[in-house]
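# Breakdown of the fold
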Amino acid sequence: MHSTLFQIIQRKQAFEFNRHGRPVRDMEEKHSGRSLKGCPEAGSRSPAAGGGGGGHHHTSPELELELEGKILRAVDFKAEGNRCYKEKKFREAIGKYHRALLQLKGVHVAEGPEENLPAKGRLRLTEAQKGLIECTEIECYDSLTACLLQSELVNYERVKEYCLKVLERQKSHFKAMYRAGIAFYHLGDYQNALHYLKEAKIREPTDTNVLRYIQLTEMKMHRCNQREKEGFKDMIG
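Note that this is a predicted model, so its numbers are computed, not measured. (Residues numbered from 1 in each chain as written. Predicted model: local features only at pLDDT ≥ 70, side-chain atom pairs only at ≥ 80, totals over all residues. Heavy atoms only, no water.)

Right, let's talk about the packing of helix α2 (residues 61–86) against helix α4 (residues 127–148) for a bit. Axis separation between α2 and α4 bottoms out at 11 Å; the angle between their running directions is 30°. Between α2 and α4, the interaxial angle falls into the category roughly parallel. Read as a crossing pair, α2 and α4 show a hand that is left-handed. Residues Glu68, Ile71, Ala74, Val75, Lys78, Asn82 and Tyr85 of α2 pack against Gln129, Leu132, Ile133, Thr136, Glu139, Cys140, Ser143, Ala146 and Cys147 of α4. In terms of residue class, the contact of α2 with α4 is built from nine nonpolar, four polar and three charged. (Axes fitted to C-alpha atoms, helices over the stretch in contact; angles between N-to-C directions. Helix = DSSP H or I, 4+ residues; strand = E, 2+ residues; numbered from the N terminus. Parallel < 35°, antiparallel > 145°, perpendicular 65-115°, else oblique. Left-handed = near helix turned anticlockwise from the far one by under 90°. Contact = heavy atoms within 4.5 Å. Nonpolar A, V, L, I, M, F, W, Y, C, P; charged D, E, K, R; others polar.)

Structure below.
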């Protein structure tokens, strides 16, 4: 039953991952069809549940099924979020992605110290499960930033937060770098904005949107420096 359920999860993830393009604002349309680079394939390895490294495990079959159910529901919520996004129901999509992440949060709790789950034991995730969870989390956070950037009043603090979560898991993620740069720019943190935008430029040297935001950021920094110089002159007379 364990292997059958996880195979279902793998097939659903592979299907959603391969067919889903994440469109964003017009400025990012050229990147909307890209898959996550460097994200491990969910079905590349499928060791037995609780396997990997030997030793004594105390995970009950009930806990394994419960946690597999959480992973499956997370994949389903992500897929629903993708559908809502394509229908331009951005608020509903945000809710779906948050529900997916909440399911995975429950998995991480069960993976923690065994004393936290004395009745059920500690979950030992397989490498395939870990890869599937990571891919789902990256895509949810990435899609959340795309949704937030569609808002009339963009919460750039939240955009920054989610971009950094993506970059924690995948350091070379172009969109997260680009959007983090945009977020820092609108938050007035031009040093960090320029850092992330230049990192994005390294990966996409000819991207016109990245180049435009680099130019805007450098102009803002120049103006700030000019005001500081003028203020210093006024102070010393």
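Read on for the rest.
On inspection of all chains with the given rule, the structure shows seven aromatic pairs. Between Tyr85 and Phe90 the ring centres are 5.1 Å apart and the planes differ by 65°, which places this aromatic pair in the edge-to-face class. Residues Tyr85 and Phe90 agree in their burial class; the two are buried. Arranged with centres 5.6 Å apart and planes meeting at 40°, the rings of Tyr141 and Tyr162 form a pair that is tilted. Note that Tyr141 is positioned in helix α4 and Tyr162 in helix α5 (residues 156–169), a separation of 21 residues in sequence. (Phe/Tyr/Trp six-rings, centres within 6.5 Å; stacked < 30°, edge-to-face > 60°. Buried < 20%, exposed > 50% of the residue type's maximum accessible area, 1.4 Å probe, protein only.)

This paragraph deals with the state of the cysteines. Between two cysteines, a covalent bond joining their sulfur atoms is known as a disulfide. Across all of its chains, the model carries zero disulfides by this definition. For the unlinked cysteine Cys84, the closest cysteine sulfur is that of Cys147, found at 8.8 Å. (Disulfide = S-S within 2.5 Å.)

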